[in-house]
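# Notes for the structure review
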Number of protein chains: 2
Amino acid sequence: MTKLGKFHFVTESYLLDFRGRTTIPMIGNYLLHAASVHADSRGFGYSDMNERHTAWVLSRLAIEMNEFPAMSEEVVLYTWVEDVGRLFTNRCFELTNKEGKNFGYARSVWAAIDMETRRPTPLDVEGLSGYKMDRPCPVEKPGKIAPVENRTEGEIYRVKYSDLDVNGHLNSIKYMEHLLDLFDIELYREKEIRRFEIAYQSEGKYGMDLTLHAEEVSSGKYDMAICHEGKAICRAAVTWK
Amino acid sequence: MTKLGKFHFVTESYLLDFRGRTTIPMIGNYLLHAASVHADSRGFGYSDMNERHTAWVLSRLAIEMNEFPAMSEEVVLYTWVEDVGRLFTNRCFELTNKEGKNFGYARSVWAAIDMETRRPTPLDVEGLSGYKMDRPCPVEKPGKIAPVENRTEGEIYRVKYSDLDVNGHLNSIKYMEHLLDLFDIELYREKEIRRFEIAYQSEGKYGMDLTLHAEEVSSGKYDMAICHEGKAICRAAVTWK
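Please read all numbers here as calculations on a predicted model, not as lab measurements. (Residues numbered from 1 in each chain as written. Chains lettered and ligands numbered in written order. Predicted model: local features only at pLDDT ≥ 70, side-chain atom pairs only at ≥ 80, totals over all residues. Heavy atoms only, no water.)

It is worth spelling out the interface of chain A and chain B at this point. The interface of chain A with chain B comprises 36 residues on the first partner and 36 residues on the second. In total, chain A and chain B occlude about 3200 Å² of area from one another, counting both sides; carbon and sulfur atoms represent 59% of this. Of all residues in chain A, Tyr14, Tyr161 and Val166 of chain A give up the largest surface area on contact with chain B, accounting jointly for 26% of the area buried on that side. Connecting chain A to chain B are two salt bridges. (Contact = heavy atoms within 4.5 Å. Buried area = accessible area lost by both parts, 1.4 Å probe. Salt bridge = Lys/Arg side-chain N within 4 Å of Asp/Glu carboxyl O.)

A few words on helix α4 (residues 172–180) of chain A. Burial of α4 of chain A is extensive: nine of the nine residues sit out of reach of the surface. Listed as buried for α4 of chain A are Ser172, Ile173, Lys174, Tyr175, Met176, Glu177, His178, Leu179 and Leu180 of chain A. (Buried < 20%, exposed > 50% of the residue type's maximum accessible area, 1.4 Å probe, protein only. Helix = DSSP H or I, 4+ residues; strand = E, 2+ residues; numbered from the N terminus.)

This part is about the confidence of the model for chain A. Per-residue pLDDT for chain A has a mean of 94; in total, 100% of the residues score no lower than 70. Across the assembled chains, the prediction reports ipTM 0.93 with pTM 0.93. (pLDDT = per-residue confidence, 0-100.)

Here the focus is the pairing of strand β9 (residues 209–218) of chain B. Residue and element names in this part refer to chain B. Here strand β7 (residues 155–158) pairs with β9 via four bridges, running antiparallel. Each bridged residue has a counterpart across the sheet, and for Tyr157 the counterpart in β9 is Leu210. As paired elements, β9 and strand β10 (residues 221–228) share seven bridges and run antiparallel to each other. In the sheet register, Leu212 faces β10, and the bridge partner there is Ile226. (Pairing = 2+ DSSP bridges.)

Superposing chain A onto chain B requires a rotation of 180 degrees together with a translation of 0.0 Å along the rotation axis, leaving an RMSD of 0.0 Å. Such values leave the two copies arranged in the relation of a two-fold axis. Comparing contact sets, 100% of the residues at the interface of chain A also lie at the interface in chain B, consistent with an isologous, same-surface contact. (Least-squares fit on C-alpha atoms with pLDDT ≥ 70 in both.)

As for its placement among the helices and strands, Glu177 of chain B is situated in helix α4 (residues 172–180). Taking the relative accessible area as the measure of exposure, Glu177 of chain B reaches 13% and is therefore buried.

Enumeration according to the criterion identifies 16 aromatic pairs over all chains in this entry. Between the aromatic rings of Phe44 of chain A and Tyr131 of chain A, the centroid separation amounts to 6.2 Å while the plane-to-plane angle is 80 degrees, which identifies the pairing as edge-to-face. With Phe44 of chain A in the loop between α1 (24–41) and α2 (46–51) and Tyr131 of chain A in the loop between α3 (125–129) and β7 (155–158), this pair connects stretches of sequence that are 87 residues apart. Classification of Tyr131 of chain A by relative accessible area gives partly exposed; the value is 23%. Between Phe183 of chain A and Trp240 of chain A the ring centres are 5.1 Å apart and the planes differ by 75 degrees, which places this aromatic pair in the edge-to-face class. Of this pair, Phe183 of chain A sits in the loop between α4 and α5 (185–190) while Trp240 of chain A sits in strand β11 (residues 231–240); the two residues are 57 residues apart in sequence, bridging distant segments of the chain. With a relative accessible area of 3%, Phe183 of chain A lands in the buried category. One aromatic cluster is present, built from ring pairs that chain together Phe18, Phe183, Tyr188, Tyr222 and Trp240 of chain A together with Tyr161 of chain B. The ring of Tyr78 of chain A has Arg135 of chain A lying over it, and the distance from NZ or CZ to the ring centre is 4.8 Å. (Phe/Tyr/Trp six-rings, centres within 6.5 Å; stacked < 30°, edge-to-face > 60°. Lys NZ or Arg CZ within 6 Å of the ring centre and 35° of its normal.)

Attention now goes to the pattern of salt bridges. Residue and element names in this part refer to chain B. Within the structure shown, the criterion is met by 39 salt bridges over all chains. Of the charged contacts, one joins Glu64 and Arg195 as a salt bridge, the two residues approaching to 2.5 Å between their closest N and O atoms. Of this pair, Glu64 sits in strand β2 (residues 54–65) while Arg195 sits in strand β8 (residues 193–200), placing them 131 residues apart in sequence. As far as the burial class goes, Glu64 and Arg195 line up, both buried. Lys174 is the salt-bridge partner of Glu177, the closest N and O atoms lying 3.3 Å from each other. With a gap of three residues between them, Glu177 and Lys174 both fall in helix α4, about one helical turn apart. The same class applies to Glu177 and to Lys174, which are both buried.

So, about helix α1 (residues 24–41) of chain B. Residues and elements named next belong to chain B. For α1, spanning 18 residues, the distance from its first C-alpha to its last is 26 Å, which sits close to the expected 26 Å at 1.5 Å a residue. With 13 of its 18 residues buried, α1 lies for the most part within the structure. Trailing α1 by a residue or two, Gly43 shows a phi angle of about 85 degrees, which is positive. (Expected span 1.5 Å × (residues − 1).)

Structure representation (structure tokens):
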């Protein structure tokens, strides 16, 4: 079995934004779905992890887009394991059109947790390393994200049914969606998101009151956070071009 | 070309709810996507309508589910034109598993609007009727939905970026999502939605302040509405079993 995963999808009109383009959360959804199917077919999927009383947890995700797929566009998504450490593994992604023209890249960082303790557990480094491959993934390494929650008031949001994933926690994609809703529509009209980066810190739960924060730290660059009772459950950074 | 459209999809883990099942909005998304591709391949798609300065508008949708597809389940979706009138056409759907076991049915009602005036415009009855077919669609006809906005206070919601569709209006699927978020999580734990019905009345726009209303009118049966400045922009009815 080849180490490189290759997936195809066609953008769906009902999932595009008002500009007729794919959104960052929808791209995130395609990436996570491909990651899950790819891991599954290599013996490291949801049910394999489950048998060992462990589960994958997405720790970080950085997406860099040159161009956003438009209506009914065919997208080819490649995914591969870049690196495996004791507690974290990196998975990369490339998105292209069907002629091979690049749309963008992404890098994700995953940990495995013990399902009882919910604490990180060592990875099967040997097993996973068999799938490692060298392939360029020109996504800038994550930088420091300032704790903007102390400097901005934040918008209040309560976690709802539609926010929950199969584990009953705030869906990884919904963190993105709620953060991106903080930007004024004018920004979407005039600019594009060049880079979106998120670091997940703890789990949002049903009914939790959250505050959503954003601050422009330099021209077009925003640091963001989602907090619960003043403590960040995730940090994010967005660069507009 | 056969009159019956046949589509396949596999449920994606990141789009399932906390019970590991497909949601009504996600089923709605599959239906609308299939409708759009099916119409397109028969010469009545988005771009065909656009050339005539018209656009399809979803007027009503009723979904009746016996069972909700679960994780990584393959779903076969059939769609066909049931009826064509001067101003409205009915499109039906059946969802089955890959062995043909029925999950549920749906019926949608569509109008065409003139893109300048945003008013309903007569359908090409002759052209569309060529695709009409007889196939059972045992979905109960829409009933009267009481105006619950006068009897309930309603929850406030402001339309955001992630709510907008390609026309810059509140996405048809997001009406469903926001309404279904009104139900307490306990209801989702104990029961299933047997029938979901929605009637779209006018377009939600960015930044609009909406109120979301729900009232239990008989055991397990709820009438719902989304209003803007006291006027309903949609009504819905949900039956739990």
